[in-house]
Structures are given as C-alpha cells and as structure tokens.
Amino acid sequence: MELDGKIIGIISNDFKEEELSGKKVKDIITKKTDEALKMVKLDSSIKEELFDNLSSRDKGKVILASHLHEKEIKLVNFSKGMIKKDLEYFNNLFKRIISYGRKIILIDKNTELFLNCVDHIYIIENNTIIYETKNIFDAILTKYIDLPKIVEFILASKENGIRLDYYVEIDELLKAIYRIKS
Amino acid sequence: MNINENRNYVILSNCINNELLDKFKDYPIINNMNYLDLKSKLEFFSSKRIVFNETFYYLKNNEKKEILDLLNKQNIKYIIITSNVEEVLYGEYLIVYDYDKIAVEGLTKEVLKEEKILKKLGFGLPFIVDLSIQLEFYECLDKVYFDVDSLVGELWN
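Everything numeric here is computed off the predicted structure, so don't read it as measured data. (Residues numbered from 1 in each chain as written. Chains lettered and ligands numbered in written order. Predicted model: local features only at pLDDT ≥ 70, side-chain atom pairs only at ≥ 80, totals over all residues. Heavy atoms only, no water.)

**A word on the interface of chain A and chain B**
Counting residues at the interface gives 38 residues for chain A, matched by 36 residues for chain B. Together chain A and chain B conceal approximately 3,200 Å² of surface at their shared face, both sides included; 61% is due to carbon and sulfur atoms. Counting the contacts that link chain A with chain B gives zero salt bridges. Where chain A meets chain B, there are 18 residue pairs in polar contact (both at pLDDT 80 or more). Taken together, the elements giving at least two residues each to the side of chain A that touches chain B come down to α3 (56-67), α4 (84-98), α5 (149-159) and α6 (170-181) of chain A. (Contact = heavy atoms within 4.5 Å. Buried area = accessible area lost by both parts, 1.4 Å probe. Salt bridge = Lys/Arg side-chain N within 4 Å of Asp/Glu carboxyl O. Polar contact = N/O pair within 3.5 Å; in protein donor to acceptor, adjacent residues only side chain to side chain. Helix = DSSP H or I, 4+ residues; strand = E, 2+ residues; numbered from the N terminus.)

Spelled out as structure tokens, the structure:
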C-alpha cells in the first residue's frame, strides 16, 4: 500500500503491536544502543531490563529506539502510556528524524499525537484506505475517530456560528477567543 | 491502598507497570480489549468493582461513555488506570502517581486545581479545564467547565 507523506497518521485496527515479550532491552535495540536510548529519553541502565517489566510508556520508547536507524519507521500505538509532555517531545523528535530523509508511520489511537505533526491521515479498514486527508480539522474524520480536544472545540464553535482559525496551540486559541469576547 | 467502595477512581500515572498493577490485584483487571468484547464481558460481570488497565486507550469517547453507563446501571464501581489526563474526568476521585509515589490525590475537581503540580509532572490539565481556567482569569468566564459542549454553549450563546 503506497502512502503519501513524511509523517503519516493511520487510524486502523489492522496493525498489531510488536510482540517483544521475553526479550531484554539490549537485545531489542541492537544498533547504537546508548545513543538511541538517549534520543528517546531513556537511561542506559534500562538495557538489562526485560521488556515485560517496563512501563507501557517505556515500551513505546524502546520500540522507537530500536527502529531509529530504519528508513521507514512504523510505530503501532506508540502513544500508549505516554503523558502530554512526551507527546510534545516526540512531536519535535519526529520532525527532526524526517529532516534526515526518513519516513514515519504512526498507527495510533490517540490523535493528540497527530496534532501539528502528521502531514497525511489515513483511515484503513481491512487493508483498504477508506478515507484520507491532509487536514486534522477535517470534520469527516469525526465519523472514524475522536479528534484532538482543541480541534473538537474549534469544530464545535463553528457549529455554533463562530469561525475560529485552525489553531493548534492553546495560547493562540485563547487570544482569538479574547479578541472575540472583548 | 484504601479504596472507598462507593467511589469511582482514576489513577493517573507516568509509569504504568506491573508494580502499579499489583496494588489492585484484589480486583479483576481488564487490559487490552475491544469495545464489543468488553461490553459483552460486562453484561455478565459478577464483581462489584473492576479495574481498567489502559483499556480506555483502545476505546472511542462514545464507547467509553457507554461502558461507564453500563457499569453505573449495574452498580459496578470502577478504577481507570491511565496516563492520559483527558480521562481523569471519568472518575470522582483522582490519585496522581509520579512513578511509585502518590503526588496528589483527592476529589477530581479539587485535584485539578493543583495545576502547577500536574504541569510540573508533565501530565498537564485536560484541555477544556485548562482553557476555561485561562478564560476565567481573563474574565471571559466565571467558572471552570469540564466538557466541550458546556464550554462552547456558555462562550458563544
């Protein structure tokens, strides 16, 4: 399946999370282990840990670290266990990675990860693309997924007759609301 | 951990691992399960409390609400374990873990006033709460809202 974009967001249940049970971190990240761990904000002391004993947050980071050298990085449910601060960090890291000519495919349940990050979004069912868009503010997406909260708010405002620009930062949205209300 | 049998809890954690789950081993724990399987499991559920270990990650908002409605109808109390601050609004009582330590706990609406702690730990605040706190500061609102529809209704009507 040919997908356009450099950072691609996919909504689908067709893809399985990687099965790494029983392996140690050092056996999962086999290339430039220390550098890769540093890049995903993990301490190198984690190398001896068994994957099963990691938190879900660290599992996602370890999987990313293991794929960093690949031309096309595919991550399934990467955002599971992540906190807001992580999403901001990895959003920036993904942009840095693609600047080296790589491609990132994020198959994820949490569209907050896609905000201000992905350039294409695909809805895939039974290995078939059933919808694609470049715009996370595309209201048709609500048929398939929950959109990021800021997008939900802007679309709900639009339904109430208030047309706001497509802000992705709360501070910009706040200023816009203040301008309208004052 | 003391669990009040009449309350629904959310555990917000930046380290959801086996040690955290061990604290809830007295209750049935649901992990990754799709909506239909979960719904049919809960229709014949005998326990009076259930623990969702990141289960909500796999569900859409309308599915989460339907599952919680189903539990309420059966008088089954729940504990939602999550890293997603947006999900704290599903419980009455919130316990925030910073790795293996409780950072703050209390009634959800009270804990959400601890904006500095939640932001310092990297969880942030639920978007609607964050936005309405700031709009309240700028005197565009006179209280904090907890859902999009109420906030949009108040702001634009």
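**Points about the packing of α5(A) against helix α7 (residues 148-156) of chain B**
Two numbers describe how α5(A) lies on α7(B): the axes approach to 10 Å, and their chain directions differ by 45 degrees. The orientation of α5(A) relative to α7(B) falls into the category oblique. Considering how the two elements wind past one another, α5(A) and α7(B) form a crossing that is right-handed. Contact residues: E152(A), F153(A), A156(A) and S157(A) in α5(A); V148(B), L151(B), V152(B), L155(B) and W156(B) in α7(B). (Axes fitted to C-alpha atoms, helices over the stretch in contact; angles between N-to-C directions. Parallel < 35°, antiparallel > 145°, perpendicular 65-115°, else oblique. Left-handed = near helix turned anticlockwise from the far one by under 90°.)

**So, the domain arrangement of chain B**
All names here are of chain B. Domain boundaries in chain B define domain 1 (9-122) and domain 2 (126-157). The centre of domain 1, based on its C-alpha atoms, is set 24 Å off from the matching centre of domain 2. On the side of domain 2, six residues touch domain 1, which itself brings eight residues to the contact. Buried surface at the junction of domain 1 and domain 2, summed over both partners, amounts to about 630 Å²; 69% is from carbon and sulfur atoms. The tally of links from domain 1 across to domain 2 stands at one salt bridge. The residue D130 makes a salt bridge to K119 at a minimum N-O spacing of 3.2 Å. Scanning the region where domain 1 abuts domain 2 turns up two residue pairs in polar contact (both at pLDDT 80 or more). (Domains from an automatic or database assignment.)

**What to know about α4(A)**
Residues and elements named next belong to chain A. Helix length check: α4, at 15 residues, gives a terminal C-alpha distance of 22 Å against a target of 21 Å (1.5 Å per residue), a fit within 8%. Among all positions of α4, only D86, L87, F90, N91, L93, F94, I97 and I98 are buried. On the buried face of α4, the contacting elements are β1 (7-11), α2 (33-39), α3, β2 (72-76) and β3 (103-107). (Expected span 1.5 Å × (residues − 1). Buried < 20%, exposed > 50% of the residue type's maximum accessible area, 1.4 Å probe, protein only.)

**A closer look at the sheet that holds β2(A)**
Residues and elements named next belong to chain A. With respect to topology, five strands assemble into an open sheet ordered β2-β3-β1-β4-β5, the strand pairing being mixed. Edge positions in the sheet fall to β2 and β5 (128-133), since each has one partner strand and no second. Within this sheet the neighbouring strands show an average axis-to-axis angle of 20 degrees, counted without direction. Examined bridge by bridge, strand β4 (residues 120-125) and β5 share five bridges and lie antiparallel to one another. In the sheet register, I124 faces β5, and the bridge partner there is I129. Against the sheet, α4 contacts β1, β2 and β3, and its axis sits at roughly 145 degrees relative to β3. (Pairing = 2+ DSSP bridges.)

**A few points about the domain arrangement of chain A**
Residue and element names in this part refer to chain A. Split by domain assignment, chain A resolves into domain 1 (7-136) and domain 2 (148-182). Between the C-alpha centres of domain 1 and domain 2 there is a distance of 30 Å. Between domain 1 and domain 2, the residue contacts involve six residues of the former and seven residues of the latter. Of the roughly 540 Å² buried at the junction of domain 1 and domain 2 (both faces included), carbon and sulfur atoms supply 64%. Across the domain 1-domain 2 interface, the total number found is zero salt bridges.

**What to know about α7(B)**
Turning to α7(B), its buried residues number three or more, namely V148(B), L151(B), V152(B), L155(B) and W156(B). The arc that holds every buried residue of α7(B), seen down its axis, measures 100 degrees, which confines them to one face. Buried residues along α7(B) sit against α5 and α6 of chain A together with α6 (127-137) of chain B. You can read the cap of α7(B) off the contacts: a side-chain oxygen lies 3.3 Å from the backbone nitrogen of D149(B), and it is on D147(B). (Arc of directions from axis to C-beta.)

**Points about the pattern of salt bridges**
Residues and elements named next belong to chain A. Summed over all chains, the structure comprises 11 salt bridges over all chains. Across the pair E48 and K26 runs a salt bridge whose closest N-O atoms are separated by 3.3 Å. Pair noted here: E48 is in the loop between α2 and α3 and K26 is in helix α1 (residues 25-28), with a separation of 22 residues, a long-range link. Relative accessible area serves as the criterion here: at 35%, K26 is assigned to the partly exposed category. Within the structure, one salt-bridge network assembled from shared partners comprises K24, K26 and E48.

**Notes on the packing of aromatic side chains**
A full pass over the atoms with the stated rule returns 13 aromatic pairs over all chains. A ring pair is formed by Y131(A) and Y144(A), whose centres lie 6.3 Å apart and whose planes are at 25 degrees; its orientation type is stacked. Taken together, the residues span a long stretch of sequence, with Y131(A) in strand β5 and Y144(A) in the loop between β5 and α5 at a distance of 13 residues. Overall, Y131(A) belongs to the buried group, its relative accessible area being 19%. Judged by centre distance (5.3 Å) and plane angle (65 degrees), the rings of Y9(B) and Y93(B) are edge-to-face. Residue Y9(B) is found in strand β1 (residues 9-13), and its partner Y93(B) is found in strand β5 (residues 93-98); the two are separated by 84 residues along the sequence. We note that Y9(B), like Y93(B), is buried. Above the face of the Y89(A) ring, K41(A) is positioned so that its terminal group lies 4.8 Å from the ring centre. Over the ring of F146(B) we find K109(B), and its NZ or CZ is 4.6 Å from the ring centre. (Phe/Tyr/Trp six-rings, centres within 6.5 Å; stacked < 30°, edge-to-face > 60°. Lys NZ or Arg CZ within 6 Å of the ring centre and 35° of its normal.)

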